[in-house]
Amino acid sequence: MGMTITEKILAKAANKDVVKPGDNIWVNADVLMTHDVCGPGTIGVFKREFGNDAKVWDKEGVVIIPDHYIFTADEMCHRNVDTLREFVKEQNLPYFYEPGTETYSGVCHVTLPEKGHIRPGEVLFGTDSHTCTHGALGMFATGIGNTDAGFVMGTGKLLIKVPQTIKFVIDGELPTGVTAKDIILKIIGDIGVDGATYCAMEFSGSTIDALSIEERMTICNMAIEAGGKNGIIAPDEKTIEYVKSKTDKEFTIFSSDEDAEYQAVYNYDASKLEAVVALPFSPDNVKAAKDCSDKKLDRSYIGSCTGGKIEDFVMAAELLNGHKVVIDLFIVPATREVEEAINTIKIDGKTLVEIFESTGKAHIAEPSCAACLGGPVDTFGRCNNGEVCISTTNRNFPGRMGGLDSETILASAYTAAASAITGVITDPAQYLKK
Amino acid sequence: MAENIIKGKVFIAGDNIDTDQIIPAQYLALVPTNPEEYKKLGSYALCGLPDSYKTRYVKDNEFETEFPIIIARSNFGCGSSREHAPISLGAAGCKAVIANSFARIFFRNCISTGEVYPIEAADVLADKFNNGDEAEINLTTLTVKNVTSGEEFSIKDLGSVKEVIEAGGIFNFARKNDMI
Ligand code: SF4
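Residues numbered from 1 in each chain as written. Chains lettered and ligands numbered in written order. Predicted model: local features only at pLDDT ≥ 70, side-chain atom pairs only at ≥ 80, totals over all residues. Heavy atoms only, no water.

### A short note on the overall build of chain B
We apply this condition: Numbering of helices and strands starts at the N terminus; helices are DSSP runs of H or I of at least 4 residues and strands are runs of E of at least 2. With the radius of gyration taken over C-alpha atoms, the globule rule is written as 2.2 Å times the number of residues to the power 0.38. The contact criterion used throughout is that any non-hydrogen atoms of two residues lie within 4.5 Å. Note that His is not counted, nor are the chain ends; the positive residues are Lys and Arg, and the negative ones are Asp and Glu. Positions of charges follow a simple convention, taking NZ of Lys, CZ of Arg, CG of Asp or CD of Glu.
Counting its secondary structure elements, chain B contains 6 helices and 7 strands. When the helices and strands of chain B are listed from N to C terminus, the series reads β-α-α-β-α-β-α-β-β-β-β-α-α. In terms of overall dimensions, chain B is globule-like: its C-alpha atoms have a radius of gyration of 15 Å, near the 16 Å expected for 180 residues. Based on the C-alpha atoms only, the size of chain B along its principal axes is roughly 45 × 40 × 25 Å. The contacts in chain B between residues at least 6 apart in sequence include a share of 64% that link residues at least 24 apart. Between the mean site of the 18 positive side-chain charges and the mean site of the 25 negative ones, chain B shows a separation of 1 Å.

Listed below in structure tokens is the structure:
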């Protein structure tokens, strides 16, 4: 019987010919990523278990990307970055994207592929649930806690269970204004926030093939919102070209066998999809944007690992070009590279930043996670006063972007931009048809 | 984590209790391996629950809960990978969470850290208990009794992860098996 791409990668990492769902196997990690929220705790576990003088299993394998609480006056947050800084020095780690220096990058999940840390066929463990993003480049990538991360840091391996795979086949052409974000929100709405618990979510079909690498990342990023262990898309020419432009390291391409076994297969006709939003307080509370025009908004937020990449801002600017907005518009590029891009890419002779500024109510921040997860009270864009915020982020649980009385509505960059123009939830199509 | 009987008052929670409700993001700067901050994390356990929960899990100005057992519905612990979630519960004195299902990373973190027992039940036990009822979980007979009402229910076997829990977490398990 054949194997899925996830099973093949895990078999390789476990030095086995065959693995099957349910097997508990020790796999070798290629990369361990941690950030400022979970890094200090991971280091604490690592030292407690392996001793104060212990060395990480592989210096090249550890990537440290502080991104969550960077631009804040909160002392505890600064202390945590200091802890990372000391550890990097002590261990002489080559990959540290250090706040306050030229190496600072921003959100971990956008930094990882940009800097060549994501390679097809490898295994990535990250102390962040959205580590599943990187399956978009054909690797096995999943989120773990501090204790497991401390274990990987010392040994380079982890005991994991091989997940069953659910396959999502999306074929056809997306209508105007419908994006990767709408595809994944639609899927989460259909299967529910626990619809893929413990499972791998494999995405394929002509629609996925036609998507850019960034859009594929948006889809895999939200696998965790359906409870998935990992999201994955088999690499193609686009993937290979992208990875080669970022790293010289060798990598292995896997794809699922024809006769691989799936727990379930879902088919979607892309031409029937529409712009959707996830209303408070769950990512599976999905409704068509056009049916929610009675929902009044206080702000629109474009940022995060899901919705703060270069193409998200290109989409937002394309839609906002020439328009004024009626609510506050928060712009948070995920990384320095994205920040650079929005200052240089032009539409009709204007940079994206110029287009945002001419909307009249734009607030543009430096790259970081910012208000995507609320954070300290002085965090840029945090909803401190019960605001209703339409956002390109990935979670809308109670209090996710700030106070418990605030509300987050998840949407694509197009929908967040169109809704900023009207002040209510708005289907973007009307602003895009020429 | 070697006890086989867990007794105490229960706290009832709903579906999809996510990690932001268990421990809101503004408290994540606390580092769990630091003993004082560990204790503090306990004081914030479940403080992100909406106001519709009339009883707070941990009272204001206290570090520990009076409810060592949480009975929730499905998908408990969904959301982020923050180990602060099971740790804040454990620090508050929670011993076990019984739910109809758990989110994967939360479940895994409970086992790797040995902070709380994540116990699955087929019946919707949140309907069979009231806040403050006395419960007794028996991990050998796989039952949970509502001492207040006298009713008894079954819970699911932990399966293959039981070995890891019994060893006391991932590090002890690996040492026992000569993996490290
Ligand atoms: S941008 Fe948001 S979802 Fe992404 S890593 Fe940061 S906090 Fe998490």
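### Considerations on the sheet that holds strand β5 (residues 123-126) of chain A
Spelled out, the test is: When DSSP finds two or more bridges between two strands, those strands count as paired.
In space, the 5 strands of this open sheet follow the order β4-β3-β2-β5-β6 (chain A), with parallel pairing throughout. Edge positions in the sheet fall to β4 (95-96) and β6 (140-143) of chain A, since each has one partner strand and no second.

### Some points on the sheet that holds strand β1 (residues 5-12) of chain B
All names here are of chain B. Quick note on the threshold: Angles run from 0 to 180 degrees between N-to-C directions of axes, and those axes are lines fitted to C-alpha atoms, restricted for helices to the stretch in contact.
As summarised here, the arrangement of the 7 strands in space is β4-β3-β2-β1-β5-β6-β7, forming an open sheet in which the pairing is mixed. Taken across any chain shown, the strands that pair with only one partner, and hence form the sheet edges, are β4 (117-120) and β7 (152-154). Across the sheet, the axes of successive neighbouring strands diverge by a mean angle of 30 degrees, strand direction being ignored. Pairing analysis gives 3 bridges linking strand β2 (residues 69-71) to strand β3 (residues 96-99), with the strands arranged parallel. Paired with Ile70 across the bridge in β3 is Val97.

### Brief notes about the domain arrangement of chain A
Residues and elements named next belong to chain A. Selection rule: What fixes the domain bounds is an automatic or database domain assignment. Summed over both partners, buried area is the accessible surface (1.4 Å probe) that two parts give up on being assembled. When a carboxyl oxygen of Asp or Glu is within 4 Å of a side-chain nitrogen of Lys or Arg, the pair counts as a salt bridge. Polar contact is defined as a pair of N or O atoms within 3.5 Å, subject to the rule that within protein one atom must be able to donate a hydrogen and the other to accept it, and that residues adjacent in sequence are counted only when both atoms are side-chain atoms.
The domain architecture assigned to chain A consists of domain 1 (5-267) and domain 2 (278-431). One C-alpha centre belongs to domain 1, the other to domain 2, and the line joining them spans 24 Å. With 40 residues of domain 1 at the contact, the number on the domain 2 side is 37 residues. Interface area, domain 1 with domain 2, both sides summed: about 3,100 Å², of which 60% is carbon and sulfur. Between domain 1 and domain 2 we count 2 salt bridges in total. The tally of links between domain 1 and domain 2 comes to 22 residue pairs in polar contact (both at pLDDT 80 or more). Put simply, the parts of the chain that give the side of domain 1 that touches domain 2 at least two residues each are α4 (108-114), α6 (180-191) and α8 (213-221).

### Quick look at the site of the ligand
Stated formally: A single heavy atom is enough: if one lies within 4 Å of a molecule or strand, its residue is considered near that molecule or strand. Throughout, the ten residues Ala, Val, Leu, Ile, Met, Phe, Trp, Tyr, Cys and Pro are labelled nonpolar, Asp, Glu, Lys and Arg are labelled charged, and all others, Gly among them, are labelled polar.
The ligand sits among His68(A), Val107(A), His109(A), Asp128(A), His130(A), Ser304(A), Cys305(A), Cys369(A), Cys372(A), Leu373(A), Asn394(A) and Arg400(A). For the shell around the ligand, the class distribution of residues is 5 nonpolar, 5 polar and 2 charged.

### Points about unusual backbone geometry
Residues and elements named next belong to chain A. Here Pro280 and Phe281 are connected by a cis peptide whose omega angle stands at 0 degrees. Mapped onto the secondary structure, Phe281 falls in the loop between β12 (276-278) and β13 (286-288). Positive phi is not limited to glycine here, since Tyr198 has a value of about 75 degrees. Secondary-structure assignment places Tyr198 in the loop between α6 and β9 (200-204).

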